[in-house]
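Each chain, letter by letter, is given below.
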Amino acid sequence: MTSSSPADARGRTPRRRGDSRRGDAVFFNLSRGAGILLLVIMAAIAGFLTYRSALALGKNEGNFFTTFEWTPDAAKPVFGIAVLTFGTLVSALIAMAIAVPVAVGIALFISHYAPRRIAQPFAYLVDLLAAVPSIVYGLWGVLFLVPHMDGLTSWMDQYLGWTYIFDQSSAGVPPRNLFTVGILLAIMVLPIITAVTREVFRQVPRMHEEAALALGATRWEMIRTAVLPFGRPGIISASMLGLGRALGETIAVATVLSTNSKLTLHLLDPGGGTFAENIALKFNEAQPLGRDALMASGLVLFVITLLVNGAARVIIARRKEYSGAAA
Amino acid sequence: MNLRNGRSKALAIGAVALVSTLSLSACGTDDNTKPAANGSSSGASTAAKIACADKGGALLAAGSTAQTPAIDVWKAAYGNACSTTTLTYGGGGSGAGVTQFNQGKIAFAGSDGALKAAEIDASKAVCTGGQGIDLPMVGGLISIVFNVEGVDKLIVDGPTLAKIFDSQITKWNAPEIAALNPGVNLPAADIQAIHRSEDSGTTQNLTAYLAKAGGGNWKYPAAKSWAGQGGQSANGSAGVAAQVKQTKNSISYVELSYAQTNKLNSAAIATGASKPVEATAANGATTLANAKVVGQGADMALDIDYATKAEGAYPLTLVTYEIVCDKGNKAETLPALKSFLTYTVSDEGQQAIGQVGYVPLPKELAGKVKTQIDALA
């Protein structure tokens with residue numbers, strides 16, 4: 001192979017092309033294989049969950065969608081996902097409401113405001129937050145955040161109690177509620193959203209920015225007219241990534257939340273539950289039927305996550321004119 | 001391109017965090033875990049008194065996680081003295097332990113509950129010419145822990161506890177509590193009752209007590225999952241202990257070692273004896289001494305009287321068993337099995353686990369168990 005004399009310079013070109021074709025074929029098959037593998041894994045998970053769920057759902061004596069209790073191993077098995085669905089969605093929504101604006105702010109700061117020598121270490125610091133294990137967040141949440149939430153929750157109770165959702169039924173109860181969980185989840189998803197949006201903001205075509213500045217825009221106006229519209233699909237997909245983690249967060253929620261099978265709109269009252277937390281807490285001592293019931297709840301979480309992601313794709317597709325492909 | 005890199009980097013970060021979550025949650029949810037024991041130090045002093053089996057080998061066991069810390073203490077001490085025998089105790093829960101025992105995979109099983117009739121029948125296939133029997137080995141007790149400002153000593157009784165944990169009493173200065181605690185300045189604050197959020201043997205023992213001694217105020221059957229109204233929940237004994245520690249006006253239940261290591265106040269229980277009974281290992285042992293043996297023949301399954309009125313008998317006491325064959329144990333592991341259990345039931349063995357928050361078996365009961373161990377074949 002290496003015996004190449006200057007004489008066969010003409011012959012080398014087709015041979016090289018042949019090599020690259022083989023490389024193409026290998027790479028094409030590898031990447032197609034990876035794609036297929038992902039689908040197979042997804043199908044295997046869905047199939048497994050569906051099969052186990054079917055075993056449990058047939059024996060459920062309550063309505064799976066409207067029942068509050070989770071007692072599949074009782075003499076009369078009754079279990080439902082009403083409380084879990086509510087808790088999962090509400091805590092994730094609170095997390096997104098807090099995390100997305102802050103993450104966009106951090107990302108803008110790193111990509112457009114901070115001097116380069118601060119921006120780089122700062123970005124690393126944010127990435128580091130993503131590497132903290134969630135049990136550590138959970139312990140921090142229950143041992144530090146919860147005791148220090150007292151002031152905020154009683155303030156909210158006093159001044160925002162008229163909104164009903166921020167009305168605390170009884171004072172002095174530790175705020176191990178969905179609201180605190182939401183705040184904790186916000187901190188946990190912050191680095192994920194920040195990391196992705198930061199990269200998107202960096203991709204904003206220099207010419208767009210300079211055009212905006214040339215037209216007399218201030219820096220804020222430039223960001224509003226050039227950076228944010230360009231980055232919007234990126235912000236959305238970053239948020240979806242973060243939302244995925246918030247929906248599926250397990251041990252931090254299990255550590256912080258005081259769970260029960262009541263559905264209340266009083267977000268400052270302890271109680272409720274989430275899918276992942278419920279599975280983590282109930283799985284250890286569950287009987288066979290209890291396990292299958294937990295699988296059924298896992299399937300619902302799977303479907304919810306798919307729906308949320310699908311919705312996000314639709315939003316991004318609608319705004320394709322702004323996407324990086326156009327630039 | 002760069003955008004994709006950013007995404008995949010974030011995905012990778014997420015994946016790393018997820019993996020660490022999974023691995024950590026796997027060990028984090030193991031309940032009933034007691035603090036690590038200083039078994040090796042106590043083991044060294046007792047090493048001389050342990051009679052090793054002539055022929056060592058591997059001794060396999062599995063079952064109750066409530067026993068794991070006790071077994072760990074014993075394993076360290078026994079291993080120091082008898083290096084030829086290696087004990088392996090897999091947790092996995094009582095149910096898994098009994099199943100493996102009845103499949104003949106292990107020499108003995110640790111179990112929170114005595115064998116059921118069907119399980120005894122199944123054991124006859126493994127124990128040639130004999131059957132599985134329950135040997136009481138690890139005693140424990142559940143402390144009612146509380147955190148009320150200005151109150152160091154609290155007295156409760158079964159009906160009051162049932163009402164507190166079912167939110168029928170919601171104030172610390174309720175007449176029921178005040179009547180039991182004359183002269184104590186109880187605050188007019190809400191009671192923050194805390195229970196386990198996951199299914200737990202501790203909850204089962206407490207609710208069994210409340211159902212028996214609660215004077216009809218506990219309307220639910222004894223169960224591993226919490227059925228009472230109201231209150232808040234926390235994950236694991238450690239989580240409950242931490243909540244009681246940091247929540248004013250709270251009350252909950254944990255095994256003795258958690259009350260001790262977290263320096264929580266334990267309530268005394270008014271049982272009808274001449275004075276309220278404190279939650280101490282000695283008082284737990286009194287209850288065990290009064291427990292009736294309900295097992296047939298060599299089986300020593302105990303029936304603990306939760307409604308006991310005996311002097312100095314703490315009612316919230318429990319015992320867990322080692323399950324062995326009375327006859328038909330495997331010949332190759334029998335000497336090691338007898339040697340190990342002889343040590344665990346001995347005074348030294350029981351005192352060693354007493355230091356880590358268990359209740360040492362009373363001497364008379366231990367003597368009876370020893371007789372059964374000697375007769376194993």
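Residues numbered from 1 in each chain as written. Chains lettered and ligands numbered in written order. Predicted model: local features only at pLDDT ≥ 70, side-chain atom pairs only at ≥ 80, totals over all residues. Heavy atoms only, no water.

> Explain the overall build of chain B here, please?
A count of helices and strands for chain B gives 14 helices and 13 strands. In chain B, the proportion of contacts linking residues at least 24 apart, taken out of those at least 6 apart, comes to 76%. Carbon and sulfur atoms make up 55% of the accessible area of chain B, which amounts to about 15,000 Å² in all. (Helix = DSSP H or I, 4+ residues; strand = E, 2+ residues; numbered from the N terminus. Contact = heavy atoms within 4.5 Å. Areas by Shrake-Rupley, 256 points an atom, 1.4 Å probe, with all protein chains shown as cover.)

> Explanation requested: the overall build of chain A in the structure shown.
When helices and strands are tallied, chain A shows eleven helices and two strands. Starting at the N terminus, the α and β elements of chain A follow one another as α-β-β-α-α-α-α-α-α-α-α-α-α. Relative to its length of 327 residues, chain A is extended, with a C-alpha radius of gyration of 25 Å against a globular reference of 20 Å. Counting only C-alpha atoms and orienting by the principal axes, one finds that chain A spans roughly 85 × 55 × 35 Å. The buried share of chain A, reckoned over its 327 residues, is 46%. The long-range fraction of contacts in chain A, counting pairs at least 24 apart against all pairs at least 6 apart in sequence, stands at 75%. Accessible area for chain A stands at about 16,800 Å²; split by element, carbon and sulfur atoms hold 66% of it. Between the averaged position of the 28 positive side-chain charges in chain A and that of its 20 negative side-chain charges there is a distance of 13 Å. (Rg over C-alpha atoms; globule rule 2.2 N^0.38 Å. Buried < 20%, exposed > 50% of the residue type's maximum accessible area, 1.4 Å probe, protein only. Lys, Arg positive; Asp, Glu negative; His and termini not counted. Charge placed at Lys NZ, Arg CZ, Asp CG, Glu CD.)

> I would appreciate a short explanation of the packing of aromatic side chains in the present structure.
Pairs of aromatic rings are described using the distance from one ring centre to the other and the angle between the two planes. Inspection of the entire model under this criterion finds 16 aromatic pairs over all chains. With a centroid separation of 5.8 Å and an interplanar angle of 15°, the aromatic rings of Trp226(B) and Tyr253(B) are classed as stacked. Of this pair, Trp226(B) sits in the loop between helix 8 (201-213) and strand 7 (232-234) while Tyr253(B) sits in strand 8 (residues 250-255), and the two are 27 residues apart along the sequence. Tyr253(B) matches Trp226(B) in its accessibility class, with the two residues each being buried. Each member of the aromatic cluster is reached from another via a ring pair, and the members are Phe165(B), Trp218(B), Tyr220(B), Trp226(B) and Tyr253(B). Sitting over the ring of Phe283(A), Arg291(A) keeps its end group 4.8 Å from the ring centre. (Phe/Tyr/Trp six-rings, centres within 6.5 Å; stacked < 30°, edge-to-face > 60°. Lys NZ or Arg CZ within 6 Å of the ring centre and 35° of its normal.)

> Hey, could you run me through the pattern of salt bridges in this one?
Two side chains of opposite charge can pair, provided their charged atoms sit close to one another. Following the criterion strictly, the structure yields 16 salt bridges over all chains and no others. Residue Arg198(A) is joined to Glu199(A) by a salt bridge in which the shortest nitrogen-to-oxygen separation is 3.5 Å. Glu199(A) gets classed as buried once you look at its relative accessible area, which sits at 10%. Note that Lys163(B) is salt-bridged to Glu176(B), the shortest N-O span being 3.5 Å. Residue Lys163(B) is located in helix 6 (residues 158-165), and its partner Glu176(B) is located in helix 7 (residues 175-180); the two are separated by 13 residues in the primary sequence. Taken together, the shared-partner salt bridges in this structure form one network comprising Asp127(A), Arg198(A), Glu199(A) and Arg202(A). (Salt bridge = Lys/Arg side-chain N within 4 Å of Asp/Glu carboxyl O.)

> Even after reading the chapter, I still don't get helix 4 (residues 94-102) of chain B, so can you show me in this structure?
Side chains that are three or four residues apart share a direction in an α-helix, a result of its 3.6 residues per turn. Residue and element names in this part refer to chain B. Of the positions making up helix 4, those classed as buried are Ser94, Gly97, Val98, Phe101 and Asn102. All buried residues of helix 4 lie within an arc of 125° about the axis, which places them on one face of the element. Each element contacted by the buried residues of helix 4 is listed here: strand 1 (57-63), strand 3 (108-111), helix 5 (117-123), strand 4 (132-147) and strand 13 (317-325). Residue glycine 104 follows helix 4 closely and has a positive phi angle near 75°. (Arc of directions from axis to C-beta.)

> What exactly am I supposed to notice about empty space enclosed by the protein here?
Remark: the empty space left among the atoms is shown by a probe the size of a water molecule rolled over them. Residues and elements named next belong to chain A. The full count for this structure, using the stated rule, is three cavities of 30 Å³ or more. Counted as a void, the largest cavity has a volume near 50 Å³. What lines the largest cavity is Phe86, Leu178, Lys262, Thr264, His266, Leu267, Asp269, Gly271 and Gly272. (1 Å grid on protein atoms, 1.4 Å probe; cavity = no way out; pocket = protein on both sides within 12 Å on 5 of 7 lines; lining within 4 Å. Points joined across faces, edges and corners; volume = space filled by probe spheres on them.)

> Would you mind showing me how to read the domain arrangement of chain A here?
As a measure of interface size, the accessible area lost when the parts come together is often cited. Residues and elements named next belong to chain A. Each assigned domain of chain A is listed here: domain 1 (1-59) and domain 2 (70-322). Taking only C-alpha atoms, the centre of domain 1 and the centre of domain 2 are 35 Å apart. Counting residues at the interface gives twelve residues for domain 1, matched by twelve residues for domain 2. For the pair domain 1 and domain 2, the summed buried area comes to about 990 Å², and 77% of that belongs to carbon and sulfur atoms. Run the count over domain 1 and domain 2 and you get one salt bridge. Between aspartate 292 and arginine 52 there is a salt bridge, with the nearest N and O atoms lying 2.6 Å from each other. Viewed at the interface, domain 2 and domain 1 are joined by one residue pair in polar contact (both at pLDDT 80 or more). Residue composition of the side of domain 1 that touches domain 2, by class: eight nonpolar, two polar and two charged. (Domains from an automatic or database assignment. Buried area = accessible area lost by both parts, 1.4 Å probe. Polar contact = N/O pair within 3.5 Å; in protein donor to acceptor, adjacent residues only side chain to side chain. Nonpolar A, V, L, I, M, F, W, Y, C, P; charged D, E, K, R; others polar.)

> Looking at this model, I keep getting lost on the domain arrangement of chain B. Mind explaining?
Residue and element names in this part refer to chain B. In terms of domains, chain B is made up of domain 1 (10-141 + 287-303 + 320-375) and domain 2 (142-285). Between domain 1 and domain 2, the residue contacts involve 15 residues of the former and 21 residues of the latter. Overall, the association of domain 1 and domain 2 removes approximately 1,300 Å² of surface from exposure, summing both partners, and the carbon and sulfur fraction of that is 48%. Between domain 1 and domain 2 we count seven residue pairs in polar contact (both at pLDDT 80 or more) in total. Ranked by residues supplied to the side of domain 1 that touches domain 2, first place goes to helix 11 (residues 281-290) with three residues.

> So what exactly am I meant to see when it comes to the state of the cysteines here?
As used here, a disulfide is simply a covalent bond connecting the sulfur atoms of two cysteines. Residues and elements named next belong to chain B. By the definition in use, this model includes two disulfides over all chains. Here cysteine 52 connects covalently by a disulfide to cysteine 82, the sulfurs 1.9 Å from one another. Taking the sign of the S-S torsion, -85° for the link of cysteine 52 and cysteine 82, the bridge is left-handed. Of this pair, cysteine 52 sits in the loop between helix 2 (39-46) and strand 1 while cysteine 82 sits in the loop between helix 3 (68-81) and strand 2 (85-92); the two residues are 30 residues apart in sequence, bridging distant segments of the chain. (Disulfide = S-S within 2.5 Å.)

> Help me understand the pairing of strand 3 of chain B, please; the structure alone is not making it clear to me.
Across a regular strand the side chains alternate sides, sitting on one face of the sheet and then on the other. Residues and elements named next belong to chain B. Where burial is concerned, the two faces of strand 3 agree: the one with Phe108 and Gly110 and the one with Ala109 and Ser111 are both buried. Where strand 1 meets strand 3, three bridges bridge the pair, whose relative direction is parallel. From the neighbouring strand, alanine 61 faces strand 3, where its bridge partner is phenylalanine 108. (Pairing = 2+ DSSP bridges.)

> Explain the confidence of the model for chain B to me, please; I cannot follow it from the model alone.
Residue and element names in this part refer to chain B. When pLDDT is averaged along chain B, the result is 85, and 87% of the positions lie at 70 or above. Overall, residues 1-47 carries pLDDT values under 50, and its contacts beyond four positions in sequence, including any with other chains, amount to 73 contacts. Across the interface, the model reports ipTM at 0.76; the global pTM reads 0.78. (pLDDT = per-residue confidence, 0-100.)

> Please explain unusual backbone geometry as it appears in this structure.
Trans is the prevailing form of peptide bonds, just as negative phi is the prevailing case for residues other than glycine. All names here are of chain B. The phi dihedral of asparagine 249 is positive, around 65°, even though this residue is not glycine. Relative to the elements of secondary structure, asparagine 249 occurs in the loop between helix 9 (236-246) and strand 8. Even without a glycine there, the phi angle at lysine 263 is positive, about 55°. When you line up the elements, lysine 263 lands in the loop between helix 10 (256-261) and strand 9 (265-266).

> Is there a simple way to think about the pairing of strand 4 of chain B in this case?
All names here are of chain B. Counted residue by residue, strand 4 has 15 buried out of 16 residues, so it is predominantly covered. Bridge count between strand 4 and strand 13: nine bridges; the pairing is antiparallel. Paired with aspartate 134 across the bridge in strand 13 is isoleucine 323. Judged from the six bridges that link them, strand 4 and strand 8 form a sheet pairing that is antiparallel. Considered in strand 8, the bridge of isoleucine 144 is made with tyrosine 253. In the sheet, strand 4 pairs with strand 9 via two bridges, with the strands oriented antiparallel. Residue pairing across strands places phenylalanine 146 opposite asparagine 265, the latter belonging to strand 9.

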